[in-house]
Amino acid sequence: MIHRTNHYFIIIALLLVAACNSVPDTIQNPREHISINQDWKFFKYESFTDADDLYYDVRPEVINVNDAKAADTPATEAEKLKASEKALKPYILPTANAFIKDSSRHYIRPEGNPGIDFPFVQSAFNDNAWEEVTIPHDWAIKGPFQEGDNAEVTGGMGRLPSNGVAWYRKKIDITKADKNKAIFLDVDGIMSYAMVWLNGNLVGGWPYGYNSWRLDLTPHLNFEGDNQLAIRVDNPNHSARWYPGAGIYRNIWLTKTHKVHIAQWGTTVSTHNVSENSATVDFSVCVDNDSEISAEIDVVTEIFSLEDSLSVVALLPKKTLTIASGKSKKISGRATVKNPKLWGPPPTQTPNLYKAITTISKNGKVIDSYDTSFGIRSLEFDPNQGILVNGELVKIQGVNEHHDLGALGSAFNVRAAERKLEILKEMGCNAIRMAHNPPAPELLDLCDTMGFLVIDEVFDSWERKKTPHDFHLIFPDWYEADTRAMVRRDKNHPSIIMWSYGNEVGEQYTDEEGADIGRKLVEIVKDEDPTRLTTSAMNWAKSDMPFPTVMDVISFNYQGEGIRQDPVFDKVTNRIKTKPQYEPFHEKFPNKVILSSETASAASSRGIYLFPVTDKISAPMLNGNGKDDSISQVSAYELYAVDFGSSADKVFASLDKHPYSAGEFVWTGFDYLGEPTPYYNCRSSYNGIIDLAGFPKDRYYLYQARWRPDLPMVHIFPHWNWPDRVGKVTPVHVFTSGDEVELFLNGTSLGKKKKGEFEYRLRWDDVIYQPGELKAVSYKNGKVWAEEIVKTTGVPARLEVEVDRNTINSNDLDLAYITVKVLDKDGNFVANAENEIEFTIDGPGALIATDNGNPCDMTEFPSPKRNAFSGLALGIVKSKDGQPGTIKVTATADGLELATVEIESN
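Worth saying up front: this structure is predicted, and the values here are computed from it rather than measured.

## Thoughts on the overall build of the protein chain
Turning to step 1, where the next piece is worked out: Tallying secondary structure elements over the protein chain gives ten helices and 49 strands in all.
Turning to step 2, where the next piece is worked out: Scaling as 2.2 N^0.38, a compact globule of 906 residues should have a C-alpha radius of gyration of about 29 Å, and the protein chain matches this with 28 Å.
Turning to step 3, where the next piece is worked out: For the protein chain, the C-alpha atoms occupy an extent of roughly 90 × 65 × 60 Å along the three principal directions.
Turning to step 4, where the next piece is worked out: The buried share of the protein chain, taken over its 906 residues, is 61%.
Turning to step 5, where the next piece is worked out: Counting only contacts in the protein chain whose residues sit at least 6 apart along the sequence, the fraction spanning at least 24 positions is 71%.
Turning to step 6, where the next piece is worked out: As presented, the protein chain carries roughly 34,500 Å² of accessible surface, and 49% of it is formed by carbon and sulfur atoms.
Turning to step 7, where the next piece is worked out: The protein chain carries 95 positive and 125 negative side-chain charges, and their two centres are separated by 2 Å.

This is the structure:
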């Protein structure tokens with residue numbers, strides 16, 4: 001298998017050759033897209049009170065936070081007014097103008113140049129004492145975790161120091177050869193309230209931390225010397241319900257073009273009349289003329305299959321147009337691709353991709369070239385079946401994913417994201433809901449190439465707040481720009497099947513008022529992309545309310561199964577209780593597809609089994625019944641959920657009883673930083689099917705059994721090391737893709753059991769523990785299907801290490817994930833081991849983080865020492881740029897035999 005990074009280089013090289021071969025009279029490098037991730041200087045103020053006065057806007061009062069800065073006493077109205085008059089918001093708002101359709105609503109920048117005299121924006125400022133960092137950079141992930149009830153950043157945001165004001169500085173290389181070019185700063189994401197100065201000039205910025213955006217640097221450039229870039233980042237506390245990360249956490253680029261060039265995200269492709277024999281490709285191109293004179297240009301688009309990138313499979317003929325100075329113009333064309341290779345989700349389909357190369361010529365010279373990756377596929381939404389891709393019904397087997405990468409935080413890394421998708425794919429997952437924000441663009445590239453279906457989502461809140469400093473503060477000013485930016489950037493990704501314009505927004509409660517806001521957002525989305533359907537996830541709105549009438553697809557969060565229907569909630573009067581909603585919505589909206597955008601919200605701690613075990617298929621977590629407050633852990637019997645949620649078993653039954661449902665997105669695929677329900681004294685969530693380190697929980701195998709029914713598998717739990725439970729009832733549960741299982745304890749059959757209707761696990765709840773061996777033999781259609789054995793082990797004796805890949809690229813980006821297992825002397829996995837493990841590295845690599853999946857482990861992620869949790873620990877190793885060689889990783893623990901693994905960095 002060719003590693004993805006190498007694969008991309010090959011594709012790009014071939015496409016460049018194709019582009020050059022197709023246009024004989026070209027100029028050198030008409031467009032440059034240059035990474036400027038290296039060699040940044042970073043400084044963070046100790047607190048808001050120490051920060052400068054170059055803030056975006058005044059913020060509302062929260063515990064010790066009155067406005068843009070902290071204070072011990074509330075500010076007076078006069079002080080607030082004075083602070084708001086100093087805010088730089090009026091200078092930043094014009095950055096949104098390119099995404100505001102009605103030009104009469106465009107923002108006009110005031111006179112002046114705030115910050116021009118501030119030292120940090122000056123080229124002469126000496127930043128030698130500042131920290132040197134490489135982008136993507138998350139300043140908070142190295143910790144330390146903030147523990148205790150009075151922590152500044154609490155469990156909801158991950159207990160990491162993501163709040164604060166910081167600066168990034170870098171000199172950028174612009175030469176005389178660039179003098180007649182248009183030069184842009186392209187930002188994939190900065191968290192948050194970013195404001196950019198170049199050579200002392202405030203250029204613009206963007207407050208929402210999850211969107212990508214562009215600034216035109218051209219008017220402020222010095223073509224005769226250094227150019228100083230300075231970026232101020234202001235990340236408020238109480239701004240999110242999960243870990244937001246901090247800083248320039250995605251890639252950042254310089255884009256250099258001719259003055260006449262294809263606009264930012266300026267191509268749009270859609271496919272129609274798709275069949276095995278042909279497909280219609282509609283293609284539009286928006287061209288900007290930033291020059292001082294009108295321009296007559298020729299535009300040509302060639303389409304290549306990535307399987308045969310030297311052969312043009314379709315051509316949009318040359319079109320000539322004239323564009324006035326300072327204006328933009330859009331042209332459209334249509335082509336037919338014969339015998340198209342369709343894009344679709346595995347395992348029954350293949351995610352084939354095409355590349356369109358658009359060239360602009362002026363006077364016979366190519367002045368711009370722009371690549372657009374896309375797929376040819378058809379989507380059909382059938383309210384009685386679900387979603388059909390290329391005519392095949394594809395039930396959604398999806399998960400929700402937050403944007404953090406576990407121990408790496410929010411700093412985006414392609415390999416880390418790819419690993420997550422690989423683990424999910426092995427489980428049988430075929431879809432990702434981007435919860436609850438636009439993702440890094442490379443993540444969508446991965447979904448395209450790996451064949452995941454995607455819901456792209458823009459907002460978690462509108463005007464009604466969820467946390468004091470969330471998006472509601474900027475929604476009125478920025479909702480149109482942020483919505484258009486997401487759709488315009490992402491619209492050509494074949495993986496995206498629908499747009500979500502909100503998640504559990506408070507406007508569900510505001511009747512027609514909330515529906516009107518939803519209608520505005522839908523109109524914006526449809527204006528940018530009329531080809532896809534829209535949705536907004538509802539955890540409260542009902543079928544007789546105006547809110548759901550606006551959306552194309554009905555999306556439930558937990559309402560399909562019903563919320564708080566367990567008798568334990570009968571006496572609860574202050575919490576929402578909802579009966580199952582599939583049938584009421586299907587009756588009210590018979591022409592709309594119904595989808596569960598969040599299901600389950602089950603919780604568990606990998607490898608932690610608590611007794612007694614509920615006899616229900618789904619139960620709320622209670623101390624002594626599903627969770628243990630003394631250790632802040634939740635039972636891994638996978639029967640417990642948050643009070644508004646359900647176990648996977650209950651969700652499966654609900655889906656199977658309502659076959660018109662399009663499927664589900666589980667909350668969540670992986671544990672994530674922040675929102676550690678039910679224990680907010682901890683650092684990370686319990687809801688994942690997979691823990692924060694990437695180790696599957698038992699629930700993983702329940703989903704695998706359902707989502708990959710043709711994969712022979714059987715999984716027994718719990719582990720069988722219970723010296724204090726000899727003679728006590730210790731339930732044994734089994735997940736299998738078979739239909740029947742026989743369980744043996746020390747060679748004695750405990751009986752054969754067969755799955756009944758709406759049953760998804762097999763339970764032996766009366767097993768009396770005795771040490772030895774558990775064996776499960778699974779059958780399918782009467783024949784042996786799979787077997788698994790779990791043994792009582794000896795004490796920890798040695799370590800074993802495994803690496804996800806033995807070869808990585810020496811580019812300072814590629815990663816190797818090292819799993820350490822604690823074994824006994826006979827090589828059996830000791831599932832309850834907690835030994836402290838230390839990682840050491842020899843060779844051209846660096847240990848950048850460790851983890852173990854324990855949501856309550858407050859050891860800092862960069863630490864080379866990490867206790868095993870339920871027998872496992874993880875080390876993450878990064879290559880070094882331009883330093884090939886052998887990286888040797890050693891894991892040691894007191895009293896145990898060490899283990900090593902070698903990784904080749906090429």
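Having seen the model, we can carry on.
## As for the sheet that holds strand β44 (residues 836-842)
Turning to step 1, where the next piece is worked out: Reading across from one edge, β42-β49-β48-β44-β46 is the order of the five strands in this open sheet, with mixed pairing throughout. Each edge of the open sheet is held by one strand with a lone partner, namely β42 (807-808) and β46 (865-867).
Turning to step 2, where the next piece is worked out: Looking at chain direction, β44 and strand β48 (residues 885-892) are connected through five bridges and run antiparallel. The partner of E838 across the bridge, within β48, is T892.

## Quick look at the state of the cysteines
Turning to step 1, where the next piece is worked out: Scanning the entire structure with this criterion turns up one disulfide.
Turning to step 2, where the next piece is worked out: The disulfide partner of C682 is C856, and the gap between their sulfur atoms is 2.1 Å. Taking the sign of the S-S torsion, about 70° here, the bridge from C682 to C856 comes out right-handed. Of the two residues, C682 sits in the loop between β33 (663-667) and α10 (698-707) while C856 sits in the loop between β45 (845-851) and β46, which places them 174 residues apart along the sequence.
Turning to step 3, where the next piece is worked out: Of all cysteine sulfurs, the one in C447 lies closest to C429, which takes part in no disulfide; the gap is 9.0 Å.
Turning to step 4, where the next piece is worked out: Owing to a relative accessible area of 5%, C429 belongs among the buried residues under this scheme.

## Topic: the pairing of strand β35 (residues 732-736)
Turning to step 1, where the next piece is worked out: Where burial is concerned, most of β35 is hidden: five out of the five residues are buried.
Turning to step 2, where the next piece is worked out: Going residue by residue along β35, you find V732, V734 and T736 tucked away on one face and H733 and F735 tucked away on the opposite face as well.
Turning to step 3, where the next piece is worked out: For strand β34 (residues 714-717) and β35, the ladder comprises four bridges, and the chain directions are antiparallel. Looking across to β35, one finds that V714 is bridged to T736.

## Examining the pattern of salt bridges
Turning to step 1, where the next piece is worked out: Using the criterion set out here, one finds 53 salt bridges in the structure.
Turning to step 2, where the next piece is worked out: Put simply, R484 and D527 hold a salt bridge, and the shortest N to O gap is 2.9 Å. In this pair, R484 sits in helix α6 (residues 475-490) while D527 sits in helix α7 (residues 511-528), placing the two residues 43 residues apart along the sequence.
Turning to step 3, where the next piece is worked out: According to the relative accessible area criterion, R484 is buried, its value standing at 5%.
Turning to step 4, where the next piece is worked out: With a shortest N-O distance of 3.3 Å, E802 and K821 are connected by a salt bridge. Of this pair, E802 sits in strand β41 (residues 798-803) while K821 sits in strand β43 (residues 815-823), placing them 19 residues apart in sequence.
Turning to step 5, where the next piece is worked out: Note on E802: relative accessible area 36%, which makes it partly exposed.
Turning to step 6, where the next piece is worked out: Within the structure, one salt-bridge network assembled from shared partners comprises K101, R105, E480, R484, R488, D527 and E528.

## Description of the packing of helix α4 (residues 414-427) against helix α5 (residues 441-450)
Turning to step 1, where the next piece is worked out: It is the contact of α4 with α5, at a shortest axis distance of 10 Å, that shows an interaxial angle of 40°. Regarding the angle of α4 to α5, the classification is oblique. Crossing angle aside, the handedness with which α4 passes α5 is right-handed. Residues V414, A417, E418, L421, E422 and K425 of α4 form the contact with α5, whose participating residues are E442, L443, L446, C447 and M450.
Turning to step 2, where the next piece is worked out: For the contact of α4 with α5, a count of residues per class yields seven nonpolar, no polar and four charged.

## Some words on the packing of aromatic side chains
Turning to step 1, where the next piece is worked out: Within this structure, the stated rule accounts for 49 aromatic pairs.
Turning to step 2, where the next piece is worked out: A centroid spacing of 4.7 Å and a plane angle of 25° characterise the contact between F459 and F471, whose relative ring orientation is stacked. Of the two residues, F459 sits in the loop between β23 (453-457) and α6 while F471 sits in the loop between β23 and α6, which places them twelve residues apart along the sequence.
Turning to step 3, where the next piece is worked out: On the basis of relative accessibility, which here comes to 0%, the residue F459 falls in the buried class.
Turning to step 4, where the next piece is worked out: Look at Y700 and Y701: their rings are 5.3 Å apart centre to centre, the planes differ by 70°, and that puts the pair in the edge-to-face class.
Turning to step 5, where the next piece is worked out: Put simply, the rings of Y208, Y210, F459, W462, F471, F475, Y479, Y501 and F547 touch in pairs and so form one group of aromatic residues.
Turning to step 6, where the next piece is worked out: Across the ring face of Y193, the terminal group of R59 is positioned such that the distance to the ring centre comes to 5.8 Å.
Turning to step 7, where the next piece is worked out: Its end group placed over the ring of F758, K657 keeps NZ or CZ at 5.0 Å from the ring centre.

## Notes on the environment of L379
Turning to step 1, where the next piece is worked out: Residue position: L379 is located in strand β18 (residues 379-382).
Turning to step 2, where the next piece is worked out: According to the relative accessible area criterion, L379 is partly exposed, its value standing at 25%.
Turning to step 3, where the next piece is worked out: In sequence terms L379 and G391 are twelve residues apart; their C-alpha atoms lie 7.6 Å from each other.

## Re the nonpolar core
Turning to step 1, where the next piece is worked out: W40, W167, Y168, I231, I297 and W478 are the most contacted members of the largest nonpolar core, which totals 215 residues.
Turning to step 2, where the next piece is worked out: In terms of nonpolar packing, the next biggest core, distinct from the first, is built from 24 residues, V801, V803, V830 and I837 among them.

## Examining the sheet that holds strand β12 (residues 278-289)
Turning to step 1, where the next piece is worked out: Strand order in this open sheet of three strands is β11-β12-β15, and the pairing throughout is antiparallel. Strand pairing shows two members of the sheet lacking a second neighbour, β11 (260-272) and β15 (328-338), which therefore form its edges. Across the sheet, the mean angle from the axis of one strand to that of its neighbour is 20°, orientation sign disregarded.

## Digging into unusual backbone geometry
Turning to step 1, where the next piece is worked out: For the bond running from M191 to S192, omega is -5°, close enough to zero to count as cis.
Turning to step 2, where the next piece is worked out: Tracing the backbone through its elements, the reader meets S192 in the loop between β5 (181-187) and β6 (194-198).
Turning to step 3, where the next piece is worked out: Note the cis peptide between F717 and P718, where omega equals 15°.
Turning to step 4, where the next piece is worked out: At N273, a position not held by glycine, the phi torsion is positive, near 50°.

Conventions we followed
- Residues numbered from 1 in each chain as written.
- Predicted model: local features only at pLDDT ≥ 70, side-chain atom pairs only at ≥ 80, totals over all residues.
- Heavy atoms only, no water.
- Helix = DSSP H or I, 4+ residues; strand = E, 2+ residues; numbered from the N terminus.
- Rg over C-alpha atoms; globule rule 2.2 N^0.38 Å.
- Buried < 20%, exposed > 50% of the residue type's maximum accessible area, 1.4 Å probe, protein only.
- Contact = heavy atoms within 4.5 Å.
- Areas by Shrake-Rupley, 256 points an atom, 1.4 Å probe, with all protein chains shown as cover.
- Lys, Arg positive; Asp, Glu negative; His and termini not counted.
- Charge placed at Lys NZ, Arg CZ, Asp CG, Glu CD.
- Pairing = 2+ DSSP bridges.
- Disulfide = S-S within 2.5 Å.
- Salt bridge = Lys/Arg side-chain N within 4 Å of Asp/Glu carboxyl O.
- Axes fitted to C-alpha atoms, helices over the stretch in contact; angles between N-to-C directions.
- Parallel < 35°, antiparallel > 145°, perpendicular 65-115°, else oblique.
- Left-handed = near helix turned anticlockwise from the far one by under 90°.
- Nonpolar A, V, L, I, M, F, W, Y, C, P; charged D, E, K, R; others polar.
- Phe/Tyr/Trp six-rings, centres within 6.5 Å; stacked < 30°, edge-to-face > 60°.
- Lys NZ or Arg CZ within 6 Å of the ring centre and 35° of its normal.
- Core = buried A, V, L, I, M, F, W, Y, C linked by side-chain atoms within 4.5 Å.

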